[in-house]
Amino acid sequence: MNMRRQEEDELVDWLSPLFLGSYAENNELLEKVLVELLRDHVYWRRNIHPEDRPQIPVLADTGPEYRRFVGRMKTELHGLTARLKNSAPFFNPRYIGHMASDLLLPGLIAQLVTTLYNPNHVTDEASPVTLPLELELGRQLAAMFGFNTDPEQEPCAWGHATSGGTIANDESLWYFRAVRYWPLAAAIALREAGFDPGALKHGPEDFVHAPDHVLFNLSVDHVIRLRREVLASIDHQLDRRQARDLARRIESERVEYLGMAEFHLRHPELGTPVVLVADTAHYSWEKALKLLGLGAANLEPVAVNERMRLDSKALDDALARLADERRPVLAVVGILGTTEFGSIDPVHEIVAARQRWRREGMEFAIHVDAAWGGYLASMFHRPDGTLLDHAEMRRRFHLFPSEPVYKAFAALRHVDSVTVDPHKLGYVPFGCGAYVARNRGMTDFISQKAAYVFDDAETVPDSEYERRFRNLGQYILEGSKPGAAAAGAWLSHRVLPLDADNFGRLCAETIRNCEYFFEHIDQLRDELAGVARVVLPFEPDTNLVCLAINPSGNRSLARMNAFGRRLYEHLSVGEEVDIHSREFFGSRTVVHRHKLGERAAERLMAELDLDPSTFVDEPDDSGEQADSIFLLRHTLMNPWLSGHDEGMNYLDRYCRHLAELVRQAMRDQPG
Ligand SMILES: *Cc1c(COP(=O)(O)O)cnc(C)c1O
């Protein structure tokens, strides 16, 4: 008991300075540091050329235009802040809706202060100080996923900040396409030029005449080495001008130059490429295929199992069919923390499937969309970077991590690239996602400039990558971009390193909150016994949890959904809602019938005591049927949720509030 108390006290001590706090408890700290750094910025301005006299006259603030301007500015600013008062109060433990919470003070302050200096990370000419910090942010995240970040070893990872997870996902496919299509472009260009690169260490046999499906089915690492070797061979055999012309010819055969339609016309044997992702995918994936001209029709949803994780048997079946059809598979995407359920796809099984299919001559790149769950990887690493073993992890929690979840995180280092959002579980302000690639050699394919050849056929010197990334805008989807966002995330990780003893402690609290909710849901069930049935449709993998609530006696899914929507009305924000009238803030989601297996659908209907014939793909017009189940969705990322103080447990309070809402909705029930 005392031991427990002491641990609790230590935790509170540790957590206390992290955020401004729901009661703005740390206002003095924030104000002091901000004012200090603001003054520091003022001195910096004055000291650029202190001999210059001030341009704005000392008495300017007495002028009528000056004062009118200040008046207008203040009026508008007060108007804005007045309106902002009805914002969603993410910072408050009563907010358990979307993927947002309080902001870590180090990241918040760093971002606010860096904005005063306004660096632009499109190139280091516009950000000599902070662009290197963005590249270090990439290394911090890469190391968290277990990628090698030592430039002395190949492959070496790199990563950078994006505006969010959506752009990082787009970029992953942009990179994969650039790499995987390259051998086809090179082979056709060399063939038509009558150039023989000779025997290639990394080639497929007779590279220039190899069939397109062979050229497409090469791994990312393989193509990176192959390209270096081909360019070195060109450089060896031809004089400078001829070599440059041939390199240009390859560029002019690439899909980035020709476009998808023309490229595929020139490679009629190559089928339309497919991207596979679990049915629970974020909608950014559909956008990505549309954007790149790959076509949303070629995003193949893979069925999920009862835990809302990608079903590896279904993945294997899909791969077998695609292999039969000789369809090229550009990538398989695993989701580490689905947006709706927080579920963790079996990344280890995707990696294993790739090993198996590689032996059959089929290759695919693997991207992990860890926009939500990526930071949870910090819990799995000791400060020295080694992985905690499963038993050690289990001792820290009641249920987490289940074996498949542990294995998924442990397998991250084998994938080709990862999306992660510092502006979600990284607790920094919005406008900061990240893309991380295991092999920075992928950038050899992206430059908007001509190809380079280096002395050594096998490697590109570290200095070249350093030079390259100083022109970051050349290698990423975005151009001008805020250095302040990257500096905020970087600094936050400097203060709280991404390991189990530091950042991981924060993540662990979110998992413990979820375990608490999961383990105490029976209290809500008991409280509502005879009134309504409370069902947790899926045991949570991480820190998101959904609930379905069915009024007693109701057998129709459509009615249950309508009831759920009425509950949600009391948990939502909106222009017309006064946020002070809300006790708690939640969110919602739906699970469609066609995304659930037969077994899961039957089980849920039984648990909810609903008539299974009311859950259908095509509802009739009886008003009893529905094609989806409405769920209340809860993101449990605020570390103060389970209240470290007596009587302040927000999860208990939320359950009591929900019970009250249910009773009230029952009373107001029509009929
Ligand atoms: C949030 C999220 C995205 C999109 O990220 P944004 O930062 O909103 O662009 C993509 N995938 C998953 C799994 C997400 O949770």
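Here the structure is a predicted model, which is why all the values come from computation and not from measurement. (Residues numbered from 1 in each chain as written. Predicted model: local features only at pLDDT ≥ 70, side-chain atom pairs only at ≥ 80, totals over all residues. Heavy atoms only, no water.)

## Notes on the site of the ligand
Contacts to the ligand come from 15 residues, most closely from Gly165, Thr166, Asp369, Asp421 and Lys424. A distance of 2.8 Å separates an oxygen atom of the ligand from a polar atom in the backbone of Gly165. With respect to the ligand, the side chain of His423 contributes an N or O atom lying 2.8 Å from an oxygen atom. When the ligand is considered free in solution it has 380 Å² of accessible area, and contact with the protein chains removes 88% of it. If you tally residues by element for the shell around the ligand, the top one is helix H6 (residues 165–180), at 3 residues. Within the shell around the ligand, the residues separate by chemical class into 3 nonpolar, 9 polar and 3 charged. (Near = heavy atom within 4 Å. Polar contact = N/O pair within 3.5 Å; in protein donor to acceptor, adjacent residues only side chain to side chain. Areas by Shrake-Rupley, 256 points an atom, 1.4 Å probe, with all protein chains shown as cover. Helix = DSSP H or I, 4+ residues; strand = E, 2+ residues; numbered from the N terminus. Nonpolar A, V, L, I, M, F, W, Y, C, P; charged D, E, K, R; others polar.)

## Points about the environment of Lys407
With respect to the secondary-structure elements, Lys407 resides in helix H17 (residues 403–410). Under the relative-accessibility criterion, Lys407 is labelled partly exposed at 38%. Measuring from C-alpha to C-alpha, the distance between Lys407 and Ala320 comes to 24 Å, with 87 residues separating the pair along the chain. (Buried < 20%, exposed > 50% of the residue type's maximum accessible area, 1.4 Å probe, protein only.)

## A look at the packing of aromatic side chains
Applying the stated criterion to the full structure yields 23 aromatic pairs. An angle of 5° between the planes, with centres 4.2 Å apart, marks the rings of Trp158 and Phe469 as stacked. Linking Trp158 in strand E1 (residues 158–162) with Phe469 in helix H18 (residues 462–469), this pair joins segments that are 311 residues apart in sequence. In this pair, the class of Trp158 matches that of Phe469, namely buried. Consider the rings of Phe584 and Tyr654, whose centres lie 5.3 Å apart with planes at 65°: the pair is edge-to-face. In this pair, Phe584 sits in the loop between helix H21 (557–569) and strand E10 (587–592) while Tyr654 sits in helix H23 (residues 650–668), placing the two residues 70 residues apart along the sequence. Assessed through its relative accessible area of 2%, Phe584 is described here as buried. Assessed through its relative accessible area of 0%, Tyr654 is described here as buried. (Phe/Tyr/Trp six-rings, centres within 6.5 Å; stacked < 30°, edge-to-face > 60°.)

## Points about the side chain of Asn513
Topologically, Asn513 is positioned in helix H20 (residues 503–527). Within the structure, the side chain of Asn513 is placed 2.6 Å from the side chain of Ser642, a separation counted as a polar contact. Residues contacting Asn513, with those up to four places away along its chain left out, are Leu636, Asn638, Pro639, Leu641, Ser642 and Leu651. (Contact = heavy atoms within 4.5 Å.)

## Observations regarding the domain arrangement of the chain
Taken domain by domain, the chain holds domain 1 (142–170 + 272–461), domain 2 (176–265) and domain 3 (505–668). Put simply, the middle of domain 1 and the middle of domain 2, counted by C-alpha atoms, are 26 Å apart. At the interface, 36 residues of domain 1 touch 27 residues of domain 2. Where domain 1 abuts domain 2, roughly 2700 Å² becomes buried across the two surfaces, and 62% of that area is made up of carbon and sulfur atoms. One can count 3 salt bridges joining domain 1 with domain 2. For Asp221, the salt bridge is made with Arg438, and the minimal N-O distance between the two is 3.0 Å. On the surface where domain 1 and domain 2 come into contact, there are 11 residue pairs in polar contact (both at pLDDT 80 or more). Every element with two or more residues in the side of domain 1 that touches domain 2 is listed here: strand E4 (329–335) and strand E5 (365–370). The residue inventory of the side of domain 1 that touches domain 2, partitioned by class, reads 20 nonpolar, 8 polar and 8 charged. (Domains from an automatic or database assignment. Buried area = accessible area lost by both parts, 1.4 Å probe. Salt bridge = Lys/Arg side-chain N within 4 Å of Asp/Glu carboxyl O.)

## So, unusual backbone geometry
Across the junction of Glu154 and Pro155, the peptide omega takes the value -10°, indicating a cis bond. Along the polypeptide, Pro155 turns up in the loop between helix H5 (131–144) and E1. Of the consecutive residues Phe400 and Pro401, the connecting peptide bond is found in the cis state with omega at -15°. Relative to the helices and strands, Pro401 is located in the loop between helix H16 (390–395) and H17. Phi is positive for Ala24, which is not a glycine, with a value near 50°. As for its placement among the helices and strands, Ala24 is situated in the loop between helix H1 (2–15) and helix H2 (27–46). Positive phi, close to 60°, is recorded for Asp609, a residue that is not glycine. Relative to the assigned elements, Asp609 resides in the loop between helix H22 (598–607) and strand E11 (628–635). A relative accessible area of 30% means that Asp609 is categorised as partly exposed.

## Quick notes on the pattern of salt bridges
Side chains that carry opposite charge are capable of pairing whenever their charged atoms lie near each other. If you walk through the whole model with that rule in mind, you get 44 salt bridges. Across the pair Glu286 and Lys290 runs a salt bridge whose closest N-O atoms are separated by 3.2 Å. Of this pair, Glu286 and Lys290 both sit in helix H13 (residues 284–291), 4 residues apart, roughly one helical turn. For Glu660, the salt bridge goes to Arg667, with nearest N and O atoms at 3.7 Å. A single salt-bridge network, built from bridges that share partners, covers Glu154, Arg228, Asp444, Glu464, Arg467 and Arg468.

## Some points on the nonpolar core
By size, the foremost hydrophobic cluster in this structure holds 166 residues, and its most contacted members are Leu141, Phe145, Leu173, Phe207, Leu276, Met379 and Leu596. Aside from chain neighbours lying at most four places away, what touches Phe207 is Pro183, Ala186, Ala187, Leu190, Pro197, Leu200, Leu215, Leu226 and Val230. In terms of nonpolar packing, the next biggest core, distinct from the first, is built from 30 residues, Leu567, Tyr568, Tyr650 and Ala665 among them. (Core = buried A, V, L, I, M, F, W, Y, C linked by side-chain atoms within 4.5 Å.)

## Things to note about the packing of H2 against helix H4 (residues 105–117)
The interhelical angle for the contact between H2 and H4, taken along N-to-C directions, is 25°, at an axis separation of 10 Å. The orientation of H2 relative to H4 falls into the category roughly parallel. Relative to H4, H2 is oriented so that their crossing is right-handed. Each of Leu29, Leu30, Val33, Leu34, Leu37, Leu38, Asp40, His41, Trp44 and Arg45 in H2 lies in contact with H4, whose residues at this interface are Leu105, Ile109, Leu112, Val113, Leu116 and Tyr117. For the contact of H2 with H4, the class distribution of residues is 13 nonpolar, 1 polar and 2 charged. (Axes fitted to C-alpha atoms, helices over the stretch in contact; angles between N-to-C directions. Parallel < 35°, antiparallel > 145°, perpendicular 65-115°, else oblique. Left-handed = near helix turned anticlockwise from the far one by under 90°.)

## Quick look at the packing of H6 against helix H7 (residues 182–193)
The interhelical angle for the contact between H6 and H7, taken along N-to-C directions, is 30°, at an axis separation of 4 Å. The orientation of H6 with respect to H7, classified from their angle, is roughly parallel. On H7, the residues touching Ala178, Val179 and Arg180 of H6 are Trp182, Pro183 and Leu184.

## Observations regarding the sheet that holds strand E7 (residues 433–437)
In space, the 7 strands of this open sheet follow the order E1-E7-E6-E5-E4-E2-E3, with mixed pairing throughout. Whereas interior strands pair on both sides, the edge strands pair on one side only; in this sheet they are E1 and strand E3 (299–302). This sheet shows a mean twist of 20° between the axes of neighbouring strands, independent of strand direction. Across 4 bridges, the pairing between strand E2 (residues 274–278) and E3 is parallel. Within E3, the residue paired with Val277 across the bridge is Pro301. (Pairing = 2+ DSSP bridges.)

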